[in-house]
Each structure stands twice: as structure tokens, then as C-alpha cells.
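For reference, the chains in residue letters:
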Amino acid sequence: MAKERILKGIAVSKGISQGTVFVYETKDVKVMQTLIPSMYLEKEIERFLSALERTKKELSNIKERINAEIGPDFAQFLDAQILMLKDRDIIGAVKKGIKAEKKNAEYVYHGVLSEYADKLCASKDQYLRERVADIWDVGNRVLRNLAGFTHASVIEVPKGSVLVGHDISPSEAALINPDHVQGIAIEVGGRTSHTAITARALEIPAVVGVEGLLAKIENGERVILDGNRGILIKNPTPGRIQFYKGEIKREIEYQKMLSPFCELPAKTRDGRQVDISANIEFSIEYAHAKKYGAMGIGLFRTEFLYLTRRGNPSEEEQFRVYNELAKKMKPDPVIIRTYDLGGDKIFSDYHEANPFLGWRAVRVSLDDVDFFKIQLRAILRASVNRNIRIMYPMISTFEEIKQANAIFDEVQQELKKEKVDFDDHIQVGIMVETPSAALMSLQLAAHVDFFSIGSNDLTQYVLAVDRGNERVSHLFDHFHPAVLRLIKQVIDAGHKAHIWVGICGELGADPLAIPLLIGLGIDEISMSPVAIPKAKMVLRALTVPECEEIATKALNFRGANEVKKFLRRMIPKKFPGIGGMA
Amino acid sequence: MIKEKITILNENGLHALPASRFVKLAEKFKSDVKIMKNGVEVSGKSIMGILTLACEKGSNVVVTTSGKDEKEAMDSLRKILEGQD
């Protein structure tokens with residue numbers, strides 16, 4: 001029997017699956033030059049035209065699927081690709097070229113495209129230079145069709161498959177059918193890559209960044225994909241298969257045990273209500289949020305709007321997304337976080353040595369007021385639903401809030417002048433994720449309606465640890481007393497100023513942290529939808545005084561390990577699985 | 001034949017998305033459509049041609065339409081370039 005092999009990657013979407021490998025590969029075609037006898041030149045042109053026809057069908061299919069499943073905004077870039085395919089100048093040049101040079105269609109077509117690509121490459125405009133990728137996207141499809149290769153599309157993935165590939169392009173990721181795809185493993189990417197985001201949204205277990213994956217895995221192999229541990233197992237031993245069978249069974253039973261908690265109110269035994277809401281990345285995830293019993297959207301990340309398309313989203317596109325989500329969640333609140341990416345995401349010419357300390361999030365928005373205003377207008381217009389709240393990420397100084405609010409006021413004035421209806425009591429809050437904002441929270445609280453603690457970034461900045469760096473990532477721990485003390489300071493400051501304080505980092509999704517956060521007085525905890533039932537279960541078994549005692553003790557330990565050891569002891573045995581999860 | 005000098009006011013210049021709309025619209029008319037910038041003229045019905053012109057917001061182009069429906073063509077294409085559609 002073949003030896004078991006465990007391929008390691010980054011766990012980006014939880015769950016375990018067993019399935020048959022479907023290798024998704026886009027082959028690059030080598031273009032050869034051949035002479036075509038004069039009598040076959042017409043045939044060669046026909047061959048070229050029918051390859052165009054086949055490619056057009058492929059692209060139209062993809063476009064239809066994206067239109068139907070995600071929305072027309074996402075299909076727009078395909079319009080440009082289809083037009084490139086039908087471009088009469090190109091078709092004309094290829095026809096002429098085949099006749100004049102007596103060469104094969106592949107060679108002539110490749111040459112014509114190269115000419116255009118070179119022209120765009122020489123352009124000063126970064127956006128146009130990037131369109132070269134579109135040209136070759138289309139071009140390679142045509143060349144594959146000319147060569148008679150079938151282009152493996154994720155549409156064709158059969159039931160029970162684990163999708164394996166080098167990378168999955170946004171247009172293809174949009175086509176993934178969660179009924180057929182049981183798991184995803186790719187060679188590149190990280191937690192925020194497009195494939196990772198899609199997998200989480202569709203609740204498909206996924207592992208990314210598996211080096212050399214395609215060289216080690218073959219089509220049709222049976223594999224186990226463990227999205228909790230970030231591994232793909234080839235030729236699993238009988239013992240391993242047995243183990244995972246048990247694991248899957250336990251997971252199902254566990255979910256079953258938790259499911260009644262979705263519906264129950266998030267109240268402690270002694271009646272303190274803590275809002276449990278959902279962090280989502282796509283508006284379609286509102287369904288998960290509701291299914292698991294979220295009381296609102298505590299964090300709507302707007303990054304996908306910028307990452308899944310070319311160019312920046314227009315006001316209209318953003319408005320449609322925000323409005324749709326607000327409508328679906330009404331009357332429950334939806335907190336929309338404004339742009340939270342690095343400057344490199346919108347200005348591809350821009351690079352920096354230290355992006356986490358660099359030009360990102362609200363810093364970008366404040367420097368590009370027109371860009372910021374587009375998003376603010378879209379959010380305000382959607383606020384007619386009266387349940388939208390707005391949140392600025394990465395605030396580090398008081399001046400930034402003032403500046404952002406001034407721009408926000410301006411936008412409100414503009415809308416009033418245009419007689420556009422919006423919610424003029426809209427709550428405006430900030431993410432507290434920099435040490436300076438946490439330390440100055442009392443001063444900042446006077447200028448905002450709420451705080452939401454971003455514990456991931458806060459931990460990274462307070463402990464000075466890049467969690468993506470393997471050599472130091474073990475130092476990253478949001479249970480560190482330094483982090484917890486800052487969280488206490490933020491909550492106290494908020495309450496002193498009579499504003500509510502929530503948390504939307506991963507700490508909130510950790511059941512161990514719940515007694516701690518309640519003890520510190522948190523008003524809202526926002527987490528990924530799946531984590532909600534467990535959080536409710538823990539919360540409903542606690543009382544405020546016992547939580548306060550736990551919190552006071554936790555704050556006085558010397559390090560994260562002591563805190564966790566203590567919490568594990570304190571969490572009563574009646575929660576099966578919780579000790580093991582933490 | 002109608003010839004008009006137009007300044008591109010569309011927020012995104014005549015980049016991929018507006019360019020797609022421009023070409024799609026141009027194709028609806030029987031008239032021949034041409035765009036010229038800095039002495040280079042391309043067909044208004046070729047997206048590749050338009051892209052290579054690199055028309056950013058604020059650039060000046062000369063649009064020519066000629067054919068039976070040249071007036072309607074010019075009127076609606078101008079709107080895209082001026083960002084009013």
C-alpha cells in the first residue's frame with residue numbers, strides 16, 4: 001500500500017472532508033510556428049473563428065453563472081473579455097496575417113495579441129498595464145481551444161470532489177458549487193486570498209498555501225482534507241481514516257447538540273443580555289448569520305468589493321450591496337466597516353516596507369477624500385433602512401476621527417442638498433485596534449457612538465508580533481494580560497462616556513474568552529456565524545458575578561499561558577469540547 | 001459625417017468598464033465610429049484599440065461618426081465620454 005503523506009498548508013476554512021481529488025489546472029499553451037499551404041489558408045481561418053466561437057460560449061456560460069449566483073456587478077469584467085474576443089480589429093488582423101504570412105492561426109493570433117499587450121505595457125497608466133492580464137486570459141482560452149484542450153472549469157467538478165489546484169481565479173472561484181465541492185486545497189494564497197474568503201462564505205473546508213501540491217497529488221485520488229489543522233492527507237492509513245470518521249461524527253453530533261442554542265436569547269443566567277452578532281465578508285452570508293442566531297451584523301468587511309473586481313467599486317455598486325444587506329437584516333443592526341486594506345490594493349504602484357505600520361485603512365481613506373466619499377455616500381444612502389452603523393478601522397489618533405467625521409458631515413450636507421433620504425441619527429463608531437486608541441479611549445469616546453475592539457490587530461501591535469511570521473507567531477496570544485488590560489481600559493472608558501463597547505476580533509469567538517469578556521463588561525461580541533451557538537451556550541451558563549471574579553483574576557497573571565490555564569480550570573466541565581477547542 | 005471634440009469627463013477615464021459600454025453601444029449603430037487621440041485613430045467598435053489610446057479623465061479626443069444614424073450615435077456616445085449616462 002502506498003505510504004501516507006501529509007501535506008501542510010494554512011487552514012483558512014474550517015471543517016473536515018473526505019473526497020476524490022479533482023485537479024483544476026489551466027495549462028499554458030506553447031505556441032509553435034508552422035507554414036500553411038495556400039490551399040488550406042481558408043480552412044485555417046475557419047479553424048480560428050470556430051475556436052473564438054467556443055471560447056465565447058465558455059465565457060458566456062461563466063458570465064451567466066456569476067450573474068445568477070453572485071450578481072451582475074461581479075460579471076462586468078467578463079464583458080470586457082468577451083468584447084476583446086469579438087474585437088473586429090483583432091479578427092481582421094489575424095485573418096490578414098494568416099493569408100499574408102501563410103502561418104498557423106496560433107502563431108498569428110499570438111503575435112497580434114502581443115502587439116496590443118506591448119502597447120498597454122508601455123502605458124503610464126497602471127490600470128491599463130493590468131489589462132494585459134485580461135488580454136492573456138482571453139488569449140490563452142482561445143489558444144487552448146485552438147489546440148483542442150478542454151479548459152477544465154470548476155463548473156464541471158463532480159459531486160464529492162476535493163478541488164485541487166495552483167490557484168483559482170476570482171471568475172472561477174465564483175463558480176464553485178458547494179454541493180459538489182467538499183474541500184479546496186491550493187498551492188498559493190493566505191487567509192485573505194480570494195479562494196479563502198469564498199470557501200469560508202460557502203462553508204467549504206479549505207487549505208491554502210500548500211507548496212508543491214500539484215506535483216504530489218493526482219486526479220482521482222482519495223484524500224482527507226482537514227480544514228481545522230490545515231492539512232491534506234494523501235493515502236490515509238486505515239487508522240487515520242478511522243480517526244477522521246470519528247472526528248466527522250463527533251463534529252456532526254456536536255453541531256446537533258449546539259443547534260438549539262441558535263434560537264435562544266444571549267442572556268446570562270442572571271439576566272445580563274450581551275448582543276451576539278456576526279462578522280461577515282459577503283452580503284450573502286446574512287443567511288448564515290440568521291441561521292446561527294446572530295442578533296445583527298457586528299462587522300461587515302467591505303474588502304471583497306475591492307478585491308474581487310478590477311478597479312474600485314462605484315457608489316452605485318456599493319449602495320446596492322449595503323442596501324441589500326440592510327434590508328435582509330432589518331431591524332437588526334448592520335455595522336459597515338469602511339475601507340480596511342493597504343494602499344497597495346487600490347494603488348498598485350504603491351509598495352512599502354512595513355505595511356502593518358503603514359498606509360492602510362482609514363489612513364488611505366483620509367488621504368483620498370474622493371475615494372472615501374464614494375463609500376460614505378453609498379453607506380449613507382443605504383441607511384434609509386435605519387439599521388446601518390458605520391465604523392472606521394485603524395484609528396490611531398483623535399485627529400483622524402475629527403477628520404473622518406468632518407468628511408462624513410460634508411457628505412451628509414451634499415445628500416441633503418440633493419434631497420436624498422438617509423438616517424441622520426446613524427451611529428458612527430471606531431475600531432479600537434491600535435495601542436494609542438486603546439490608551440486614549442476615554443478621550444476618543446466623546447467623539448463616537450461606539451467602540452468595537454479589533455483584538456487581532458490590537459494583540460499584534462501591543463505584543464509587537466507579526467502572526468504571519470512563523471518564527472515569532474508563537475508569541476501572538478490574545479489572552480496576554482497586556483491585551484486584556486487594554487481591553488478593560490477601553491470598556492471602562494466607553495461606559496464612562498455612555499457609549500457601548502463591542503469586540504469583533506477572534507478573541508470573541510473563543511469560548512474561553514466569554515466569561516472574561518462578560519466580566520469586563522462587554523456589551524456586544526461579534527464573531528463568525530458558526531461560532532455563535534457555542535458562544536450562546538457558554539454565556540447562558542454563566543452569571544455576571546462569577547465572570548467578574550474570573551476577569552479580575554485573569555488580569556493579574558503574568559502571561560498568556562497562565563491566563564489560559566486558569567480559564568480552562570474555571571470553565572465548568574459541563575461544556576463538552578470547549579476545553580479541547582481552546 | 002459628424003466630427004466632435006470631446007473631453008473625457010467620465011470618472012474612470014475610458015478604462016475597461018466604460019470602454020466596454022462604449023464599444024457595446026457603438027456596435028448598436030450602423031454608423032462607422034472612430035476615436036482619435038494625439039493623432040492616433042482607432043475604431044470605436046474595437047475595445048483593444050480604445051484601450052491602447054489610454055484615455056484618462058480629462059483627455060481630449062475627436063470622435064467621428066459616419067453613416068445613416070450618425071447623429072444618434074454621436075449623441076449617445078458623447079454621454080458615456082462625458083460621464084452623464
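Sequence order sets the numbering: in each chain, residues are counted from 1 along the sequence as written. Lettering of chains starts at A and numbering of ligands starts at 1, both following the order in which they are written. The model is predicted, so local features are restricted to residues of pLDDT at least 70 and side-chain atom pairs to those at 80 or more, both for listing and for counting; the totals for chains, interfaces and linings are taken over all residues.

Here the focus is the confidence of the model for chain B. For every residue, the predictor assigns a confidence score, pLDDT, that lies between 0 and 100. Averaged over chain B, the pLDDT score is 89; the fraction of residues at 70 or greater is 96%. Here the prediction assigns the complex a pTM of 0.71, and the interface score ipTM is 0.86.

All right, on to the sheet that holds strand β3 (residues 16-24) of chain A then. For sheets, the rule is that strands pair by backbone hydrogen bonds, running either parallel or antiparallel. Residues and elements named next belong to chain A. Here a strand pair is declared whenever DSSP counts at least two bridges between the two strands. Under the scheme used here, helices are H or I runs from DSSP no shorter than 4 residues and strands are E runs no shorter than 2 residues, and both carry numbers assigned from the N terminus. A sheet is described by the order of its strands in space; here 8 strands give the open sequence β1-β8-β7-β3-β4-β5-β6-β2, paired in mixed fashion. Unpaired on one side and paired on the other, β1 (5-8) and β2 (10-13) mark the two borders of the sheet. This sheet shows a mean twist of 30 degrees between the axes of neighbouring strands, independent of strand direction. Relative to strand β4 (residues 161-165), β3 is paired through 5 bridges, and the arrangement is parallel. Its bridge partner lying in β4, Thr 20 is registered against Ser 161. Note on contacts: each residue gets a C-beta atom placed from the backbone, and two residues are in contact if those atoms are within 7 Å. Convention adopted: a line fitted to C-alpha atoms gives each axis, helices being fitted over their contacting stretch, and angles between N-to-C directions are expressed from 0 to 180 degrees. Helix α9 (residues 238-258) contacts β3, β7 (222-226) and β8 (231-234) of the sheet and is inclined by roughly 115 degrees relative to β3.

What follows covers the nonpolar core. Residue and element names in this part refer to chain A. Membership of the largest hydrophobic core comes to 184 residues, with the highest contact counts inside it found for Ala 185, Ile 430, Val 490 and Leu 516. The element contributing the most residues to this core is helix α4 (residues 105-121), with 8 residues. Beyond its immediate sequence surroundings of up to four residues, Val 490 is in contact with Val 432, Ala 438, Ser 441, Phe 451, Ile 453 and Val 501. The term nonpolar core refers to a group of buried residues, namely Ala, Val, Leu, Ile, Met, Phe, Trp, Tyr and Cys, whose C-beta atoms join them within 7 Å. Backbone-placed C-beta atoms define the burial measure: a residue is buried with 20 or more other C-beta atoms within 10 Å of its own, exposed with 12 or fewer, and partly exposed in between.

Residues and elements named next belong to chain A. Relative to the elements of secondary structure, His 166 occurs in the loop between β4 and α6 (170-173). Taking the number of C-beta atoms within 10 Å as the measure of exposure, His 166 has 14 and is therefore partly exposed. Counting along the chain gives 274 residues from His 166 to Met 440, while the straight-line C-alpha distance between them is 46 Å. What His 166 contacts, discounting residues up to four positions off in sequence, is Ile 186, Glu 187, Val 188 and Leu 214.

A separate point is the interface of chain A and chain B. On the side of chain B, 16 residues touch chain A, which itself brings 19 residues to the contact. If you list the elements that add at least two residues to the side of chain A that touches chain B, you get α2 (72-86), α3 (88-101), α4 and α5 (126-147) of chain A. Across the side of chain A that touches chain B, the residue classes tally to 8 nonpolar, 3 polar and 8 charged. By the convention adopted, Pro, Cys, Tyr, Trp, Phe, Met, Ile, Leu, Val and Ala count as nonpolar, Lys, Arg, Asp and Glu as charged, and the other residues, Gly among them, as polar.

A separate point is the packing of helix α13 (residues 315-329) of chain A against helix α15 (residues 369-382) of chain A. All names here are of chain A. At a closest axis distance of 8 Å, the pairing of α13 and α15 adopts a crossing angle of 35 degrees. α15 is crossed by α13, and the crossing has right-handed handedness. Side by side, α13 and α15 meet where Glu 315, Gln 318, Phe 319, Tyr 322, Asn 323 and Ala 326 of the first sit next to Ile 374, Gln 375, Arg 377, Ala 378, Ile 379, Arg 381 and Ala 382 of the second. Each residue belonging to the contact of α13 with α15 can be placed in one class, and the counts come to 7 nonpolar, 3 polar and 3 charged. Each helix crossing is assigned a hand: it is left-handed if the near helix lies turned anticlockwise from the far helix by less than a right angle, otherwise right-handed if that turn is clockwise.

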